[in-house]
Structures are given as C-alpha cells and as structure tokens.
Amino acid sequence: MTYVIGVILVLLLVALVLVFRPPKPKSFKDTEPRETPADDATATDDQLDLAIEAGAHKNVEDEEELDLAFEETEEIVSTGKGEKDAAEPVEELDLSLEEEAGNGEFDEDIPFIDDEQDILKRKGRGDMAPALADVPDDYALIEEGETPQELAERLEYFLGSDDEEPEPVSEEGPAEEDDQTAVIAEETEPVEEAVEAGEFIAPEAGLDRERYGAELAEQIERLRGEMNAAIANRETGKLGPLEVALENLCAQQADLQSGLLRQQKLLDELEAVMNEVRRALPGFQLATFQANLRQGQYEVVRTLLNDAANQLDGAPQVAARMLYQWGRLEEERGEFAAASNMFARACEIDEENLDCLYAAGRMARIHGNAEQALTWLEKGVNTVRQQDEESVELARAEHELARALVMAEQKDRVEELLQSARETMEKLIGAEHPDLGPVLHDQAVLFDSSGRYEEAEPLYRKALEVTEKGLGMDHPRLGTTLNKLAGLYEEIEMEEKSEPLYTRALEIKQKVLGENHPDVGTIMGHLANLLKQQKKYDRAEPMFRQSLAIAETALGKDHPNLSVVLNNMAELYSDMGNEEQAEHFQERAFALFGLPGMGDGFVEMSKDDDFDVDDDKDQTIAGS
C-alpha cells in the first residue's frame, strides 16, 4: 500500500511539472541552443531522483519531506522569471520526458506502474466545462490565496515572450476600470453626498440643445391643441394666456441658442436659491427635488416647493424667491397657470418684493383678472418709488400697470406711466434695446386710438425697428405691430403702404397661432377689404370667405361680430355685379346687426392682442 501511494505522489509531481512547463517551441532543432551551467542541471536531476526514491521507500506518514521536495521544485521554477539560466534546465527536462513518453521508454523506466491503472493526464478540450472551453492549454489557473500581483508575475512567466517587456503593475490598482464596473459605480454613487455639502445639481439634460428643441416642439403642439379645442368649444376667454404662451415658445424655437442661454441663467439662479433653502431648512428633500426635476416630474416638484415654503417661516424672503424663481421656469415652459400660482404664493409670503409683485400682476392681467393685477402692480410701483431709485424693474412695472389700467378702463394715468417707463428704459438700457419695443408699441396704440396719427406712426416704426434688429424679422411680437401700423396707413389713406404690412402680419400670425385662429381671420379680413378697395376682387373673395369661416367657427354663425365681414362681402359681390350673392350676405348682416336698413355704420369689433386703449376709436369703418 505504501508503495502505491508513493507512486501516486510521484505522478502528481510529474503532472505539476508538465502543467507549468513553458510553451513548447515549434521545433526543438530550430531552437537556438543556450549555455546552461552543468552544475545547475546536475542539481536538478539529482533533486528529481531523490524525490522519486523518497516516494518509493518512505512511509506515508512522512509527508513533511515530500512538502520540502515540492518547495524546492517550485523555487527553481519561480527563479526562472528573472534569470534565464535557471529556466533552461526545466525546459530541457520537460523535453526529455516528452521524447521518452513518445517512444515508449518512459513506462519501462517506471516498472512499478500498473498497466491497467489509468494514467493521470490533462483532460481534452471536449471534456472541459463550457466556461473553460476556450482557455489555452498552457494557461495557468489561479491558485488559492494568490494575490493579483503574484498572479500577474506568474502569468508573465508562463505566457510572456522574451521579446516583450513586462508591464509594471501599479501599487494603487489597475489604471483603467472595467466599463461595466465604472457604470455601476456611477449609478450607485449616493446623491446625498452632494446634498449634504449644500450643493445643488442642475438638470443637465434640460440644457441639451437637441432635447431642448424637442421639448419646445412638444409644448407648442400641446398648447395649439388646447387653443384649437377652446376655439371649437367657443371658449374665447381661454385664448389670451394661450396666445401669449405660444408667442413666447415660438420665439424660443426660432432662436434656440438664446432660449438655451436664458434657461441656463434661470437654472443658475434657481441653484443659488435652492442652496439657501437647504441651509435654512436642513430637512428639505433636495435629492428628491433634483431627481424629479431631471425626470420632468413637475407636479412632484411643485408639491415639494409648496411644502418647503410652508416650513420656511423663519426665512420668508428665501421662500418667496424660491417660488418666484420656479414660477419663471414655469412661464418659460409655457405653463402659465402653474406660473401664476407660484407668483401669487410668493406675493402672499413677501409683500414687499417687487419682482414677485410684478410677475404676479402681469400673470393676473394676462388671465383677465384686472382687479388683482392692479392690486399687486400698484403696490409694487409705490414700494419702489418710495426708495426714490430708477431701475429697469420699476419701468417694467409701470408699463404693466398701464396695461392693467386700460383693461380696467381707468385710462387717466396711462400716458404718464408709459412715458415714464419709456424714458427710464432708454436711459438705462438704451433706445435701441428690443425690450423697449412693447412700450413704444403701446404708446403708439394710445396715440392712434385718440386720432394722434402723426405721433403714433413714428412710434410704430420705431417699435418695429428695435424688435427686428434685436429679435429678428419674423419674431412673433412683430405681428401685432405690423397689423396696427397697416391699419393706421389705411386710415390716413396711404393704402399702398398697408398691403405689405398686412401680408407680413398675416404670415407671422399664421405661423404662431395656426390657420384657424380668430386673430388670423381678423387680419385676413383687413387685407381682403383693402384688396376690395383696390378692385382686386379675385384675391379678395377667397380671403373674405376664409375670414368668415374662421369667425363662424370661433364665434358661431349668429354672433354680432360677423356682421362686419358679411357687410364687406355684400359690397364685394355688388361691385362684382353678382347681385344675388350681395343680397344674400346683406340680409345676413342686417339680421345680426339688428338695423332696419343698409348703411355704413357697421364696425369691425376686432380685439387688439396687447393694448386696447379706446375700443371706439380702434375700430375700422367697414367699406372705408
């Protein structure tokens, strides 16, 4: 029994030598002979003979000496990594063993091996597990307890070539991480590390140009859908906020770079405020806020902000600025209802903040709440005036207050407010700044409505000039000014200047509001009436019919405002000699207007988008 066990141990030793041998050259004869010290080779052979003899004669219990033999053999192999002289004896020994095994002499040298016993050998590739099927035969497996550095050194010895320089192993670990490991590390990095440091992480995805443009297009499509639904349901009261929001979004779409920069500025300001919130309210869920902001979960964001505002009793100014800043982002996205709520909430918290009062008053005016708009705007203007300081913010508040006064039909102070706003802005931002355009436009409308055409005409032209230079030739803001100036030229019998202005205004309004918006129908009616007066009947007729169809959809076929278009169409067909059609439209006009006979008293009851100063003077006599 002892004899058999000894044989097995010897076979294990031989198998280890075979497994860890260097790759065999293609031809031993082609291998360049190397000088090998005879002493080292003799020592190696003697050690092998001693190991075989010890295995054949020693007792099984004497395992310590066998362990020493293994250690000595491993030492010789390991020293071959840096010293070529020590590696050669092992190589020659392996080759001699292979030759003897090939000619059958190996078995004769060890007569004690049972012929029927299975010879220990490495499994063939077909016998391996699938996970190891592609592993090279000379690949060294990882040893138990082996460090990465030891493994790298051993693999370099068995797999490296003489021509390759070994790569230094960094003590700090691999230079490059696996891609998947890097991704997992990034995903699992806790957000709270940045939050606890008081830092705010802005939503980078919202600043990508491509995504920004896609979100704008989606918002525009949604608002147009809401507007078309309001028109179809004849809910004209909803059109005002939708029109302003659409104009803002279309302006951003026309100049994506400027819109992107403006959004970046708003996010930077939000970042500063949210860091203040974090310091004033340590329990605020800033990480949740950031995550929902990045994902576009705006309802959750609004809830978190309102909850934070309720808890910031000790820092009302911070709460107001937070709500105001978020309201500006909502307004930028065309979410006017949400913006209005945020601004109103900010005013409730801080009644002395001009920014909050101006923004809340403007939104109230856009939504048709003149009384509330006047309350906030009056307070804002008076608060700043008490400080006796000029500012652009004060000028804008004065302009907005003038608009609210016109809506409330309190027009006594309008001219004074507009003049003050204009002078302040020209002084502080320059007479060519595009922000001056709306003030100049409203001043022109004020003079136009009171018959002061000589004062109104240069203001209209100046408003067009600064807007075109600053914002572009197709900016949505230009549509209303072009329409008003065209009407003024028609009023003072300079029709040759009106047609190109009406045409430009119509193109801009169609692009922003769509083909079926009431404002588009109104401008189309103006242009058709001008063409009728110029006897361009073939162009005027289809425009009149389309204008009438738009008005019927938005107002209904029995609305009094249709009488203007119907009367103009009756005159058109009369001039064309089609008395049957003329009589038909004349009868419809009489029925709607409620007059006993024909006359020139039909007035066009079209609204001005921005500034209806005097409804009576702002109307155009039909057929004039």
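Residue numbering note: each chain is counted from 1, following its sequence as written. Note on the predicted model: pLDDT of at least 70 is required for a residue's local features to be given, and 80 or more for side-chain atom pairs to be given and counted; whole-chain, interface and lining totals, by contrast, use all residues. Side-chain numbers here rest on the full set of heavy atoms in the structure, without hydrogens or water.

Tell me about the overall build of the chain, residues and numbers included.
Secondary structure elements follow DSSP: runs of H or I of four or more residues count as helices, runs of E of two or more count as strands, with numbering from the N terminus. Summing up its helical and strand segments, the chain has 27 helices and 0 strands in all. Remark: exposure states derive from per-residue accessible area (1.4 Å probe, protein chains only) relative to the maximum for the residue type, with buried under 20%, exposed over 50%, and partly exposed in between. Burial status across the chain gives 40% buried among its 624 residues. Note on contacts: a residue pair is in contact if any heavy atoms of the two residues lie within 4.5 Å. Of the contacts made within the chain by residues no fewer than 6 positions apart, 63% connect residues no fewer than 24 positions apart. For every accessible area listed, the method is Shrake-Rupley and the probe measures 1.4 Å; residues are considered covered only by the protein chains on display. Accessible surface computed for the chain: about 35,000 Å², of which carbon and sulfur atoms make up 49%.

Talk me through the state of the cysteines; I want residue IDs and the actual numbers.
Note on disulfides: each one is a pair of cysteine sulfur atoms within 2.5 Å. In the structure shown here, the tally under the stated rule is 0 disulfides. Cysteine Cys 356 shares no disulfide, and the gap to the nearest cysteine sulfur, in Cys 347, comes to 5.6 Å. We classify Cys 356 as buried; its relative accessible area is 1%.

Give me the lowdown on the packing of aromatic side chains, citing residues and values where you can.
Each aromatic pair joins two rings of Phe, Tyr and Trp (for Trp, the six-membered one) with centres within 6.5 Å, and gets the label stacked for planes under 30 degrees apart, edge-to-face for over 60, and tilted for any other angle. The full count for this structure, using the stated rule, is 4 aromatic pairs. When the centroid spacing of 6.1 Å and the interplanar angle of 50° are considered together, the rings of Phe 284 and Phe 289 count as tilted. Each of the two residues, Phe 284 as well as Phe 289, counts as buried. The criterion is that NZ of a Lys, or CZ of an Arg, lies within 6 Å of the ring centre and within 35 degrees of the ring normal, and then a charge sits over that ring. Over the face of the ring belonging to Tyr 298 we find Arg 333, whose NZ or CZ atom lies 3.9 Å from the ring centre.

For helix H14 (residues 316-332), give the residues involved together with the corresponding values.
Taking 1.5 Å per residue as the helical rise, H14 with its 17 residues ought to reach 24 Å, and the 24 Å between its terminal C-alpha atoms agrees with that figure. Counting buried positions over the 17 residues of H14 gives 13, a clear majority of the element. Looking at the residues trailing H14, positive phi occurs at Gly 334, about 85°. Expected helix span is taken as 1.5 Å per residue step, with the number of steps being one fewer than the number of residues.

Residue-level account of the packing of helix H13 (residues 298-311) against helix H15 (residues 336-349), with values.
The contact between H13 and H15 brings their axes to 12 Å, and the two run at 5°. Our classification of the angle between H13 and H15 gives roughly parallel. Together, Arg 302, Asn 306, Ala 309 and Asn 310 of H13 and Ala 338, Met 342, Arg 345 and Ile 349 of H15 make up the contact between the two elements. Here the term charged refers only to Asp, Glu, Lys and Arg, the term nonpolar to Ala, Val, Leu, Ile, Met, Phe, Trp, Tyr, Cys and Pro, and the term polar to all other amino acids, Gly among them. Tallied by class, the residues present in the contact of H13 with H15 amount to 4 nonpolar, 2 polar and 2 charged. A fitted line through C-alpha atoms represents every axis, and for helices the fit uses only the stretch in contact; the resulting angles, taken between N-to-C directions, go from 0 to 180 degrees. Each angle receives one of four descriptions, namely roughly parallel if under 35 degrees, roughly antiparallel if over 145, roughly perpendicular if within 65 to 115, and oblique otherwise.

Could you give me a rundown of the pattern of salt bridges, with the residues and numbers involved?
The rule for a salt bridge is simple: a side-chain nitrogen of Lys or Arg has to be within 4 Å of a carboxyl oxygen of Asp or Glu. Applying the stated rule across the entire model yields 32 salt bridges. One salt bridge in this structure joins Arg 211 and Glu 215, with 3.1 Å as the shortest N-O distance. With Arg 211 and Glu 215 both in helix H9 (residues 209-232) and 4 residues apart, the pair spans about one turn of that helix. With relative accessibility at 29%, the residue Glu 215 sits in the partly exposed group. Within the structure, one salt-bridge network assembled from shared partners comprises Glu 299, Arg 302, Glu 330 and Arg 333.

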